[in-house]
Amino acid sequence: MKKRYGWKFVIFMFLIGLMGCSREEAEGIEKEDAQKTEKLVLWSYYETKVQQDGLDKLTRKFNESQKKYEISWEYIPMAEFTKSLSFSHVPEEMPDLVLVDNPDMESLIKIGLLADITQDLEGKISVEEYYPEVWKSVEYQGSYYGVPFNCNSTAIIYNKRLFREYGIDEPVTWTDFKKAAAELTASEGKIRYGFAMSAVGGEQGAFQFMPWILATGADTEDLSDKKVKDAFSLIHHLLSDNSMPNDCLNWSQNDLTRSFVAGEVAMIENGPWAMPEIEKSGIEYGIFKLPAYATQAAVLGGENLAPVKGKNIEGAIAFIDFYNQKEIMEEICQITRNIPPKVELAESFGRNNPNYQVFIDQMKRGTSRSTVKNWKNVCRAISSSLNRMFGSDYTIEEVWKEYVSNLNQ
C-alpha cells in the first residue's frame, strides 16, 4: 500500500511541476509580448454608431495584423477637439495621431502640433489616386502632414412621400426651392417645417452655409463680395415665412437627421453620415444637389489621419499604411458610410451604394474649406452672422455689416 501511495505521490508532484512550468512559460511569453507591443492612441470625434463601429473594426484589425503596436481610440467631442489638442501640453496626455476635420489641419500645423511626414510617405502614397481638393487638405507649403481618411459633401435629403403628396418636383433653382419649402411647411396639427440646416456655431454651421455663399458666384478669394448678401437673404426669407425653424441655431448635423426621421422636417441639408439612420427608419427618401443660383456649388468635407509631433511617428505611419490598403479602406468606408478619398474606390463605392451618387459626383467639382483663404475668419464670420439671424430682430443690412466686419478681423 505504501509503495502504491508513493508512486501516486511522485506522479502527482510531477504533474504539479509541469503545471508550474507551463504557467511560468506562459507568463514569460506574456512578458515578452508586452515588451514588444507599443501602445498607440488615436483621438476622434466620431459619435454615430456606424462611425464608431468602423473605428472599432479598423483598430482591431490593425492590432491583429502585427505584433509590434497596439492601438486604441478615444472619443473627444467635436466642439472640444481642437481645443483639447491645443491645450494638452503634457506629452503623456497627447494622442499619437488624430482623425481630424480637414479644415482644422492648417491651424494645427501652424502651432506645431502635427508632424511633417513627407519623407515617411515617400514611395508609399500616390497623390494622383486622390481627389485633388481632398489631398490639398493634408498639404502645407509643399509638405505633407497626414493622409485623407475619407471625404464627403452635403446635399438635400427629402421625404419622397411628401413630394408626391404635394406634387413637388426636385427644386433646381433657389426660386423653386423657396416655393417647395413653403408648400411643405405644415402648421396645423403636428408642426412640420419645409427645410432645415445646421446653423450651430463653428465648423458644422459654416460648412452647411458655405455652399449657399458659393452659389451666389462669389469667389473664395473675396468673400466680402456683395453677392454673398444674397445667401443671407435666402435664409432670411426661409425664416420669415416659417419654412425653417429657429431651432436650427442649436441643431447639429446629427440633430438634423433625427428631426427628419421624426417627421419634423421635409427637407434637410446633410451628408452621407446621415444615411444609416435614415435608411434604418424606413422613410422613403431622395437626394438632390443644392439648388443653383448664379451657379451650383458644393463644399467638400471629411477627415484626415495625422500623426502628432513628438509622439510615436513610426507607429502612426504603420497605422496609416495599414488603412491605405485598398481592401481595408473600402471595408471601413462601407461600414461608416463615408466616401473613400481615392477616386477609383469612391466610384466603386457609388456603384455599390447608388443612393450616394449625388455626393460622389460633387467630389469632382466641389470646393474644400482648406483651400478657402483665411477659412477660420470666414467660419467665425458666418457663425456670428447666423447667430444674429436666428431668433432675434435684425435687418439684412445689419447682418451683412457684421459679417464683413468679422471677416476682416
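Criteria and thresholds
- Residues numbered from 1 in each chain as written.
- Predicted model: local features only at pLDDT ≥ 70, side-chain atom pairs only at ≥ 80, totals over all residues.
- Heavy atoms only, no water.
- Helix = DSSP H or I, 4+ residues; strand = E, 2+ residues; numbered from the N terminus.
- Buried < 20%, exposed > 50% of the residue type's maximum accessible area, 1.4 Å probe, protein only.
- Areas by Shrake-Rupley, 256 points an atom, 1.4 Å probe, with all protein chains shown as cover.
- Lys, Arg positive; Asp, Glu negative; His and termini not counted.
- Charge placed at Lys NZ, Arg CZ, Asp CG, Glu CD.
- Core = buried A, V, L, I, M, F, W, Y, C linked by side-chain atoms within 4.5 Å.
- Contact = heavy atoms within 4.5 Å.
- Polar contact = N/O pair within 3.5 Å; in protein donor to acceptor, adjacent residues only side chain to side chain.
- Pairing = 2+ DSSP bridges.
- Axes fitted to C-alpha atoms, helices over the stretch in contact; angles between N-to-C directions.
- Disulfide = S-S within 2.5 Å.
- Salt bridge = Lys/Arg side-chain N within 4 Å of Asp/Glu carboxyl O.
- Parallel < 35°, antiparallel > 145°, perpendicular 65-115°, else oblique.
- Left-handed = near helix turned anticlockwise from the far one by under 90°.
- Nonpolar A, V, L, I, M, F, W, Y, C, P; charged D, E, K, R; others polar.
- Phe/Tyr/Trp six-rings, centres within 6.5 Å; stacked < 30°, edge-to-face > 60°.

A. Just the overall build of the chain, in detail. Along the backbone of the chain there are 18 helices and 14 strands. Counting all 409 residues of the chain, 50% fall into the buried class. Of the roughly 19500 Å² that the chain leaves accessible, carbon and sulfur atoms contribute 50%. Between the mean site of the 45 positive side-chain charges and the mean site of the 60 negative ones, the chain shows a separation of 6 Å.

B. Focus on the nonpolar core. Counting residues in each nonpolar core, the largest one holds 81 residues, and the members touching the most others are W212 and M267. M267 has contacts with I156, I157, Y158, F163, F177, A180, A181, L184, G194, F195, A196 and F288, leaving out every residue within four places of it along the chain. Membership of the second largest hydrophobic core comes to 48 residues, among which are L42, I317, F319 and M329.

C. The arrangement of the side chain of S44 in detail. When you line up the elements, S44 lands in strand β1 (residues 38–44). When its relative accessible area of 1% is taken as the criterion, S44 is described as buried. At 3.0 Å, the side chain of S44 forms a polar contact with the backbone nitrogen of Y46. In this structure, S44 is in contact with L55, W73, E74, Y75, I76, F81 and L99, ignoring residues within four places of it in sequence.

D. Examining the sheet that holds strand β2 (residues 69–75) more closely. Within the open sheet, the five strands sit side by side as β2-β1-β3-β13-β6. Their pairing is mixed. Across the chains shown, the open sheet's two edge strands, defined by having one partner strand only, are β2 and β6 (147–148). Sheet topology places β1 next to β2; seven bridges connect them, and they run parallel. Opposite E38, over in β2, you have Y69 as the bridge partner. Contacts from helix α3 (residues 78–87) reach β1 and β3 (97–101), with the element oriented near 130 degrees to β3.

E. Structural context of the state of the cysteines. Tallied over the full model, the rule gives zero disulfides. Between C151, a free cysteine, and C333, which holds the nearest cysteine sulfur, the sulfur-to-sulfur gap is 7.8 Å. Its relative accessible area of 0% is what places C151 among the buried residues. Free cysteine C248: the closest other cysteine sulfur is in C379, separated by 17 Å.

F. Local environment of the pattern of salt bridges. All chains considered together, the criterion is met by 19 salt bridges. One salt bridge connects E203 with K376, and the closest N-O pair in it is separated by 3.0 Å. Here K376 lies in helix α17 (residues 375–389) and E203 lies in helix α9 (residues 203–214), a separation of 173 residues in the sequence. Note on E203: relative accessible area 13%, which makes it buried.

G. Seen up close, the packing of α9 against helix α10 (residues 229–240). At a minimum axis distance of 8 Å, the contact between α9 and α10 shows a crossing angle of 120 degrees. By the angle between their directions, the pair α9 and α10 is classed as oblique. Crossing of α9 against α10: the hand is right-handed. Together, F209, W212 and I213 of α9 and A231, F232, L234 and I235 of α10 make up the contact between the two elements. Taken together, the residues of the contact of α9 with α10 sort by class into seven nonpolar, no polar and no charged.

H. Broad picture of the packing of aromatic side chains. Under the counting rule described, the total for this entry stands at 20 aromatic pairs. The interplanar angle of 20 degrees and the centroid separation of 4.3 Å between the aromatic rings of F149 and Y323 together place this pair among those described as stacked. On the criterion of sequence distance, the pair formed by F149 in the loop between β6 and β7 (152–153) and Y323 in helix α13 (residues 313–323) is long-range, its members being 174 residues apart. Residue F149 shares its accessibility class with Y323, and that shared class is buried. Aromatic pair Y158 and F288: ring centres 5.4 Å apart, planes at 50 degrees, arrangement tilted. Here Y158, found in strand β8 (residues 155–159), pairs with F288, found in strand β11 (residues 285–288); they are 130 residues apart in sequence, far enough to count as distant. Taking the relative accessible area as the measure of exposure, F288 reaches 4% and is therefore buried.

I. Up close: the sheet that holds β8. A sheet is described by the order of its strands in space; here four strands give the open sequence β9-β10-β8-β11, paired in mixed fashion. A strand with exactly one partner marks an edge of an open sheet, and here the two such strands are β9 (193–196) and β11. Here the average twist between neighbouring strands, direction ignored, is 20 degrees. Here β9 runs beside strand β10 (residues 265–270); their pairing, made up of three bridges, is parallel. The partner of Y193 across the bridge, within β10, is V265. Running over the sheet, helix α8 (residues 174–184) touches β8, β9 and β10 and is turned about 140 degrees from β10. Packing against the sheet, α9 makes contact with β8, β9 and β10, and its axis sits at approximately 90 degrees to β10.

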